[in-house]
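What the coordinates show
Chain by chain, the residues:
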Amino acid sequence: MSDVVAVILMIGITAYALFGGADFGAGFWDLVAGNARDGSTPRSVISHSIGPVWEANHVWLIFCLVVLWTGFAEAFASITLTLFVPLSIAALGIVLRGSSFAFRKEVTRTSSQRNFGAAFALSSVLVPFCMGAVAGAIASGRVPAGGKVGDPWSSWINPTSILGGVLAVTTCAYLAAVYLVWDARRLGDDEMVEYFRRRAVAVAVVTGIVAFCGFFVLHDDARYVFDGLTSRALPLVILSAICGIGSLVLLLRRRHSGARVLAMGAVATVIFGWGVAQYPYILPTSLTLTAAAAPDPTLWTVVIVFVVAAILILPSLGLLYYLDQRDLLDAPVEAET
Amino acid sequence: MTNALTAMLAVNPVPWARSQMAFTLAFHIVLVPLGVAWGFITLIANYRAIKHADADALLLAQRWSKYMAVTFAVGAVTGTVLSFEFGLLWPRFMGRFGDAFGIPFAIEGLFFFLEAIFLGIYLYGWKRLKPWPHFWTGVPIVIAGIGGTVSVVAANAWMNEPSGFTLNSAGKVVDVDPWAVIFNKAMPLQSLHMLIAAYLVGGFLIASVYAAGMLRGRRDRYHRIGFIIPFTVAAIAMPFQMLVGDELARWVYNNEPVKFAAIEMVPTTSSDVPETIFGHLNDQGQVVGGIAIPGLASWLSDPSDGSSTVVRGLDTVPASERPTNAEVDVVHLAWDAMVGLATLLFLLAIWYLGTWVFRRRMPKSALFLWIAAAAGVLSVVTLEAGWVVTEVGRQPWIVRNYMKVEAAATGNTGVWATFLAVLVIYAAIGVTLVLVLRLMSRRWREGEVDSESGGPYSPRPEPTKELVP
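All of these numbers come straight from a predicted model, not from anything done at the bench.

Quick notes on helix α3 (residues 54–71) of chain A
- Along its 18 residues, α3(A) runs 26 Å from first to last C-alpha, staying within 8% of the 26 Å computed at 1.5 Å per residue.
- The element α3(A) is extensively covered by neighbouring structure, given that 18 of its 18 residues are classed as buried.

Topic: the interface of chain B and chain A
- With 82 residues of chain B in contact, the opposing surface of chain A contributes 73 residues.
- Here chain B and chain A share zero salt bridges between them.
- Our enumeration of links across chain B and chain A arrives at five residue pairs in polar contact (both at pLDDT 80 or more).
- For the side of chain B that touches chain A, the secondary-structure elements that each account for two or more residues are α3 (55–89), α4 (91–124), β2 (173–176) and α14 (415–447) of chain B.
- In terms of residue count, α4(B) provides more of the side of chain B that touches chain A than any other element does, 24 residues in total.
- Of the residues in the side of chain B that touches chain A, the class split is 50 nonpolar, 19 polar and 13 charged.

Section: unusual backbone geometry
- A cis amide bond, omega 0°, links Tyr279(A) with the succeeding residue Pro280(A).
- Residue Pro396(B) is bonded to the preceding Gln395(B) through a cis peptide linkage, with omega at 5°.
- Along the chain, the position of Pro396(B) falls in the loop between α12 (366–392) and β9 (397–399).

Description of the confidence of the model for chain B
Residue and element names in this part refer to chain B.
- Per-residue pLDDT for chain B has a mean of 88; in total, 93% of the residues score no lower than 70.
- Considering only residues more than four positions removed or in separate chains, one finds that residues 449–454, a stretch of pLDDT under 50, has 18 contacts.
- Across residues 459–469, confidence stays below pLDDT 50; counting only partners more than four residues off in sequence or on other chains, it has 17 contacts.
- Model confidence for the complex is summarised by a pTM of 0.90, with the ipTM given as 0.91.

Here we look at a nonpolar patch on the surface
Residue and element names in this part refer to chain A.
- A cluster of nonpolar side chains, contributed by Met1, Trp300, Ile304, Val307, Val308, Ile311 and Leu312, occupies part of the molecular surface with about 630 Å² of accessible area.
- Examined against the element boundaries, Ile304 turns out to sit in helix α13 (residues 296–325).
- Taking relative accessible area as the criterion, Ile304 reaches 49% and is therefore assigned partly exposed.

Notes on the packing of helix α8 (residues 190–221) of chain A against helix α10 (residues 234–252) of chain A
Residue and element names in this part refer to chain A.
- Their axes nearest at 10 Å, the elements α8 and α10 cross at an angle of 155°. The angle between the axes of α8 and α10 places the two elements in the roughly antiparallel class. The interaxial crossing formed by α8 with α10 has left-handed handedness. Contacts from Arg197, Ala200, Val201, Ala204, Val205 and Phe215 in α8 reach Val237, Leu248, Leu251 and Leu252 in α10.
- Grouping the constituent residues of the contact of α8 with α10 by class yields nine nonpolar, no polar and one charged.

Details of the packing of α3(A) against α3(B)
- Between α3(A) and α3(B), the shortest axis-to-axis distance is 11 Å and the interhelical angle comes to 20°. In terms of orientation, α3(A) lies roughly parallel with respect to α3(B). Two packed elements cross with a definite hand, and for α3(A) against α3(B) that hand is left-handed. Contacts between α3(A) and α3(B) involve Trp54(A), Glu55(A), His58(A), Leu61(A), Ile62(A), Leu65(A) and Trp69(A) on the former and, on the latter, Ala69(B), Phe72(B), Ala73(B), Ala76(B), Val77(B), Thr80(B), Ser83(B), Phe84(B) and Phe86(B).
- The residue inventory of the contact of α3(A) with α3(B), partitioned by class, reads twelve nonpolar, three polar and one charged.

As for the nonpolar core
- Residues Phe72(A), Trp64(B), Trp90(B), Phe93(B), Trp158(B), Phe227(B) and Phe231(B) are the most contacted members of the largest nonpolar core, which totals 227 residues.
- Here this core gets 20 residues from one element, more than from any other, and that element is α4(B).
- Val258(B), Val273(B), Val331(B) and Ala334(B) belong to the second largest nonpolar core, which has 28 residues in total.

What to know about the environment of Pro131(B)
Residue and element names in this part refer to chain B.
- Relative to the helices and strands, Pro131 resides in helix α5 (residues 131–160).
- Judged by relative accessible area, which is 28%, Pro131 ranks as partly exposed.
- Once the C-alpha coordinates of Pro131 and Ala49 are considered, the two residues, 82 residues apart in sequence, prove to be 9.6 Å apart.

Digging into the packing of aromatic side chains
Residues and elements named next belong to chain B.
- Summed over the entire model, instances satisfying the criterion amount to 51 aromatic pairs over all chains.
- Residues Phe72 and Phe112 carry aromatic rings whose centres are separated by 6.3 Å and whose planes lie at 45° to one another, so their mutual orientation is tilted. Placement of the pair is Phe72 in helix α3 and Phe112 in helix α4, with a sequence separation of 40 residues.
- Relative to Phe368, the ring of Phe231 has its centre 5.7 Å away and its plane inclined at 70°; by these criteria the two rings are edge-to-face. You can see Phe231 sitting in helix α8 (residues 221–255) and its partner Phe368 sitting in helix α12, a full 137 residues away along the chain.

Quick notes on the pairing of β2(B)
Residue and element names in this part refer to chain B.
- In the sheet, strand β1 (residues 165–167) pairs with β2 via three bridges, with the strands oriented antiparallel. Pairing of Thr166 across the sheet is with Asp175, part of β2.
- Joining the antiparallel neighbours β1 and β2 is a turn of five residues, in which Gly171 adopts a positive phi near 85°.

Observations regarding the pattern of salt bridges
- Under the defined criterion, the tally for this structure stands at 17 salt bridges over all chains.
- The salt bridge involving Arg142(A) is made with Asp221(A); its shortest N-O contact spans 2.9 Å. With Arg142(A) in the loop between α6 (110–139) and α7 (159–186) and Asp221(A) in helix α8, the pair connects residues that are 79 residues apart, well separated along the chain.
- Given the relative accessible area of 24%, Arg142(A) is considered partly exposed.
- A residue is classified by how much of its surface remains accessible, and Asp221(A), at 19% relative accessible area, is buried.
- Taken together, the shared-partner salt bridges connect Glu161(B), Lys185(B), Glu256(B), Lys259(B) and Arg400(B) into one network.

Scoring rules and cut-offs
- Residues numbered from 1 in each chain as written.
- Chains lettered and ligands numbered in written order.
- Predicted model: local features only at pLDDT ≥ 70, side-chain atom pairs only at ≥ 80, totals over all residues.
- Heavy atoms only, no water.
- Helix = DSSP H or I, 4+ residues; strand = E, 2+ residues; numbered from the N terminus.
- Expected span 1.5 Å × (residues − 1).
- Buried < 20%, exposed > 50% of the residue type's maximum accessible area, 1.4 Å probe, protein only.
- Contact = heavy atoms within 4.5 Å.
- Salt bridge = Lys/Arg side-chain N within 4 Å of Asp/Glu carboxyl O.
- Polar contact = N/O pair within 3.5 Å; in protein donor to acceptor, adjacent residues only side chain to side chain.
- Nonpolar A, V, L, I, M, F, W, Y, C, P; charged D, E, K, R; others polar.
- pLDDT = per-residue confidence, 0-100.
- Patch = residues over 30% accessible without salt bridge, like charges linked within 9 Å, V, L, I, M, F, W, Y side chains within 5 Å.
- Areas by Shrake-Rupley, 256 points an atom, 1.4 Å probe, with all protein chains shown as cover.
- Axes fitted to C-alpha atoms, helices over the stretch in contact; angles between N-to-C directions.
- Parallel < 35°, antiparallel > 145°, perpendicular 65-115°, else oblique.
- Left-handed = near helix turned anticlockwise from the far one by under 90°.
- Core = buried A, V, L, I, M, F, W, Y, C linked by side-chain atoms within 4.5 Å.
- Phe/Tyr/Trp six-rings, centres within 6.5 Å; stacked < 30°, edge-to-face > 60°.
- Pairing = 2+ DSSP bridges.

Here it is as structure tokens:
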């Protein structure tokens, strides 16, 4: 039973990475889009692209938190006890990001747009970095279980956490660039298609190199997960590499929709690979899934809620994305011209 | 210098954790009514607009949905902070009771998802969707708002009235009855009370903006409808809230006697307890000052027994299991504020409804508009006061009779720093939010004409390469 809930948690994390992560990545491209004049076109593509969907995507984070604290309360408590600093930074970053994105759309003065834009973009990089560092802390076994508190600093400032943080930022940027190519094409803006395609290729290469180097970091710093990744999770790792390389090739050949699917596949497989590599631990190597799991009735509730979500939420999400992709959703009616 | 720094870093995290939780909740709760009730209020305007081809109502519905986009975004992210804080500030509580306490949040997650999805569709669907389908995409927002409120308050009610779990000798939750967790005994009335409060605050707050506008001479039809729709929602909800609140108070009298003793400021168990307005407890725990209405607290607690009703006092439990004297003062004052302001709002609602019944129009006097303009802020104060009553009144418990706040808190000594950061960031966001909303309103007043390639419900324009930044 706890395994089923663990899979649900992995699905939540993957969905958050694929959708929420791309919104963070869009913020990264917003950050590096240059000054107000040069950056205005890419910024408007970004704003147009994430406007209607970011809040729904953001809910995946809540979903993950709720599944974690309901299904594996002890793991949640241990993670929040030890990783107080990066999680606090992430929480405040999320507030800054969401509010400044909403504010930026409504202000008209360039200087205020720039200020809100900067807050939005900076926190878009900060939050995934912290999340990645948290993942690194867990993977490298720096979060002890049983009410003990790990080191408040070295638990998340260490080789694996930095790897996790950098990888999270580049992966988000990569996903976002691939999606933005698609969005720019929908808007019929060939110049922007090319703009984001070049960036997608560049960041894909960077992500690949970081991921490759990551193996050496994990070998030295997160041995349990490394062993898992090179044994039972190996098929997923290989699949991820194939998807990643495949999406790069398709990007180079301008096959954008295929590139998008493979990019998502590369990220999803690597996240599941991490999960499989950690198995049967939720906190390697101090707390197993079974030991952390809530009593069965609670786990059942989580499963039932997940099934209802699948029945109720997925079609709704599908409708949202369908309307969005068909360009039936536009900026809210402007009362000003 | 180093000593001072070490001393600061070693401060007890508990008071800071409490302050941070209280502050972030108090901030978030102002946005809740806007998320929960504004969708409903907007849909009324939207319905009117389509059904009666009412251009003013259409304009209101669009503008409200645009404001809502901003307040909902801030509400969503401040709500996320609360989820983080459960762990960051109260890890030992979550570690021990997450198995049970988490369940209502799993349900709430569903509603939040629905709300965010359909909000995305509704807000961005004005131009390209057909009128009625667009209207219907707003309905799930209202339903999800109601469901979400009920679920979250169910979790809070569970802290007041924990049930549906079995502890083993080590204090670990070993069995859970999800149904009994969600439908704990405090849940029905408490959820209903907060749900109606959300509609009250939403209605009064939105209407207050238009009342202020009318006082400044903007007495056109647009402002009148902008006032009438939300104010009517609040005015109709108000009498129900008085009944539910009264029922809930009696429920607290029967089930949470210590909280009730704090509310009524009753040091020792007795009958013929006076209703004390204001006043405080002195060092000996005796009531000082205030205006005492003889026998009224007893009479209100159980009218069938009248003033002979016995009200249990604070002394029925040891001092370590009840709020401190200072906390009792806070609870009692918050209670007076809530009941006093709610009564004022109730009278205002009666004035409004009475004028409609007898004169077939809304009251037009400046006095009414002045009070109505203040009612927005007053209703927020009432809401906050109500939360102070239930939260401070539960002290020192986080899970009543099972876990104290002290035992739930994090050991991280850096909470004072996150509290300060939260204070600064939230203050900035709060001020900016108000400024941005005002800016939007001013821009619409000056710029006018809602047209950017056609306005709402217009045929789809030719695809254009140009983007509005």
